[in-house]
Amino acid sequence: MSKEKLWTKDFIIVSLINFLITLIFFMLMVTIASFAKSEFNASTSMAGLVSSIFIIGTLIGRLVTGRIIGDVGSKKTLLIGLIAFSATTALYFGAFNLPLLLANRFLHGLSVGIASTATGTIIAQLIPPTRRGEGIGYYSMSAIMATAVGPFVGILLTQIFTDFYMIFLINLGLSFICLATFLLVKVPQPAATKSSQNERASTSGFKLSNFIEMKAVPISFVALVIGFSYSGVMSFLSFYSESINLVTAGSYFFLIYAIVILLSRPFTGRLMDTKGANIIVYPSLIIFAVGMTLFSQANSGIILLLAAALIGLGYGNFNSIAQALAIKVTPNHRLGLATSTYFIFYDFGLGVGPYLLGFLVPVFGYRHLFLSMVIVILISIVLYYFLHGRKDKALLQA
């Protein structure tokens, strides 16, 4: 029996749009604080706020997008998000003072929350149900590649151009490419059932179920805990590598991390579809714990980069499997809510982690801080078992 087709034109285009959105996000994340300091003489803490307020906007954008998708559909929601994304990318040219820059960073994050949640929902609608784990794995590689390429390109552009506005211009061009390619996308609409029509009819008023998909909450909560444990690596790598005199190796960390994910993701997604999530999740979390242990005790470049490979293999693959699970346990007409629910929890873990862990660095130091995250990862294995793992076999047979 031949497999249902995965690599369709629409799948590729939506993945490209997600790549470009994430690329712009990371290009600005590594450059915008420097822009705020050089253009407006912002303090270090205020420059940090300019960078991080984007995440707050993204979270709010995700919170409202699941409901919007339920009301107007995923394609129209993506169009709204991309128009807002292009407009706020252009508004960097009008940020003549720090308050305007802060306001636009928030609105830009809001648009990214809307657009990226819509792309995730469309992908879930495009992927054949029997290849959902594999398809989500391939799709999420678009964000992984942008995570590796974005910071590199952003720093490179600051070295090539003395004028930050050239970076804004390049980003604006990329946002227009997103809009242009969107016109080529066709999105299948989920078939209306009596139960789905009844649920849509009952979505008036303010109810938590109108914004959060409760069936996706258990696995999303595990993703929050895992995101928290990883957030210190993402935020403090440069400071940590400098403190242990491994700056050169540290500069290659995310490259090795991304390569390992790109090589392993196709196999892990396919394995989930045939054998269930547990066969991937438990080894992934154990490998992540081993990688974090090595990371915390690294005393050479080889050990640091080996830790990068193990963290990529463990954390990176758990992330895509968890996203696929959030979608798998959810009815088709609530895929938008499931996608937004997953990323709300996941982004919250990534966003609040550096803030809370930052208070612990002066007390414990980087090595002990990262070693303590191993305990958090091991706790998450127990959480996963009770919140999803023990029911996974029944879900596979359903």
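Residues numbered from 1 in each chain as written. Predicted model: local features only at pLDDT ≥ 70, side-chain atom pairs only at ≥ 80, totals over all residues. Heavy atoms only, no water.

What counts is decided by this rule: UniProt positions are given in the numbering used here, feature names are shortened, and annotations may be inferred rather than shown by experiment.
In the annotation of an unreviewed UniProt entry, the chain is listed under the name Transporter and assigned to Viridibacillus arenosi FSL R5-213. The UniProt entry for the chain carries the following text under Subcellular location (unreviewed entry): "Cell membrane".

Considerations on the confidence of the model for the chain
For clarity, the cut-off: Think of pLDDT as the predictor's per-residue confidence, scored from 0 to 100. Numbering of helices and strands runs from the N terminus, with a helix taken as a DSSP run of H or I at least four residues long and a strand as a DSSP run of E at least two residues long. The contact rule is simple, with two residues in contact once any of their heavy atoms fall within 4.5 Å.
Overall, the prediction assigns the chain a mean pLDDT of 86, with 93% of residues at 70 or greater. For the chain, the element scoring lowest by mean pLDDT is helix 8 (residues 194-201), at 48; helix 12 (residues 278-297) scores highest, at 96. pLDDT under 50 marks residues 193-197. Its contacts with residues more than four places away, or in other chains, come to 2 contacts.

A short note on helix 11 (residues 253-275)
Every α-helix carries 3.6 residues per turn, so stepping three or four residues along brings you back to the same face. For clarity, the threshold we go by: A helix's residues, less one, multiplied by 1.5 Å, set its expected span. Fitting axes to the seven residues that end at a residue and to the seven that start at it, the angle between those axes gives the bend at that residue. Exposed residues in this analysis have more than 50% of their type's maximum accessible area, buried residues have under 20%, and partly exposed residues fall in between, with area computed by a 1.4 Å probe over protein chains only.
Taking 1.5 Å per residue as the helical rise, helix 11 with its 23 residues ought to reach 33 Å, and the 31 Å between its terminal C-alpha atoms agrees with that figure. The axis of helix 11 is deflected most strongly, by about 40 degrees, at serine 264, and proline proline 266 appears within four residues downstream. Within helix 11 the residues assigned to the buried category are Phe253, Tyr257, Ala258, Val260, Ile261, Ser264, Arg265, Pro266, Thr268, Gly269, Met272 and Asp273. Where helix 11 terminates, the next one or two residues include glycine 276, which has phi positive at roughly 95 degrees.

What to know about the domain arrangement of the chain
Under the convention used in this document: Delimitation of the domains relies on an automatic or database domain assignment. A simple way to read buried area is as the amount of 1.4 Å-probe accessible surface that goes missing from two parts once joined, with both sides added. Salt bridge criterion: a side-chain nitrogen from Lys or Arg within 4 Å of a carboxyl oxygen from Asp or Glu. A 3.5 Å cut-off defines polar contacts: any pair of N or O atoms within that distance qualifies, except that in protein one atom must be a possible hydrogen donor and the other a possible acceptor, and neighbouring residues in sequence count only when both atoms are side-chain atoms. Under the scheme applied here, ten amino acids are nonpolar (Ala, Val, Leu, Ile, Met, Phe, Trp, Tyr, Cys and Pro), four are charged (Asp, Glu, Lys and Arg), and all others, including Gly, are polar.
Domains assigned within the chain are domain 1 (1-187) and domain 2 (210-397). Its C-alpha centre places domain 1 at a distance of 21 Å from the equivalent point of domain 2. Listed per partner, the contact involves 28 residues of domain 1 and 28 residues of domain 2. In total, about 2,500 Å² of surface goes out of reach between domain 1 and domain 2, with carbon and sulfur atoms giving 70% of it. When the buried surface of domain 1 facing domain 2 is broken down by residue, Arg62, Arg132 and Ile144 rank first, second and third, together holding 21% of it. In this structure, the connection of domain 1 to domain 2 is made through 2 salt bridges. Along the contact surface separating domain 1 from domain 2 lie 6 residue pairs in polar contact (both at pLDDT 80 or more). Elements with a contribution of two residues or more to the side of domain 1 that touches domain 2: helix 3 (44-72), helix 5 (98-126) and helix 6 (132-160). A total of 12 residues in the side of domain 1 that touches domain 2 trace back to one element, the largest contributor, which is helix 6. Taken together, the residues of the side of domain 1 that touches domain 2 sort by class into 12 nonpolar, 10 polar and 6 charged.

Comments concerning the environment of threonine 89
By the element assignment, threonine 89 lies in helix 4 (residues 74-90). Sequence-wise, threonine 89 and asparagine 104 are 15 residues apart; in three dimensions their C-alpha atoms are separated by 8.5 Å. When near neighbours in sequence (up to four residues on either side) are disregarded, threonine 89 contacts His108, Phe168, Asn171, Leu172 and Ser175.

What to know about a nonpolar patch on the surface
In plain terms, the rule: Residues enter patches when their relative accessible area tops 30% and they take part in no salt bridge; the joining distance is 9 Å for like charges and 5 Å for the nonpolar side chains Val, Leu, Ile, Met, Phe, Trp and Tyr. The method behind every accessible area is Shrake-Rupley, applied with a 1.4 Å probe, and residues are considered shielded solely by the protein chains displayed.
On the surface, Tyr355, Leu356, Phe359, Leu360, Val363 and Phe364 cluster together into a nonpolar patch covering about 640 Å² of accessible area. Take tyrosine 355: it is sitting in helix 14 (residues 335-387). A residue is classified by how much of its surface remains accessible, and tyrosine 355, at 57% relative accessible area, is exposed.

Some points on the pattern of salt bridges
Under the definition given, this model contains 6 salt bridges. What you see here is one network of salt bridges that share partners, running through Arg131, Glu134 and Arg270.

Some thoughts on the packing of helix 9 (residues 217-243) against helix 12
A pair of packed helices is captured by two measures, namely the crossing angle of their axes and the spacing between those axes. We count it as follows: For every element, the axis is a line fit to its C-alpha atoms; helices are fit only across the contacting stretch, and the angle between N-to-C directions ranges from 0 to 180 degrees. With respect to orientation, any angle under 35 degrees is reported as roughly parallel, any angle over 145 as roughly antiparallel, any angle of 65 to 115 as roughly perpendicular, and every other angle as oblique. Handedness of a crossing follows from how the near helix is turned relative to the far one, being left-handed for an anticlockwise turn of less than a right angle and right-handed for a clockwise one.
Two elements in contact, helix 9 and helix 12, have axes whose closest approach is 12 Å; the angle formed by their N-to-C orientations is 25 degrees. Classed by the angle they form, the pair helix 9 and helix 12 counts as roughly parallel. Of the two possible hands of crossing, helix 9 and helix 12 adopt the one that is left-handed. Contacts from Ile226, Ser229, Tyr230, Val233, Leu237 and Tyr240 in helix 9 reach Leu285, Phe288, Met292, Phe295, Ser296 and Gln297 in helix 12.

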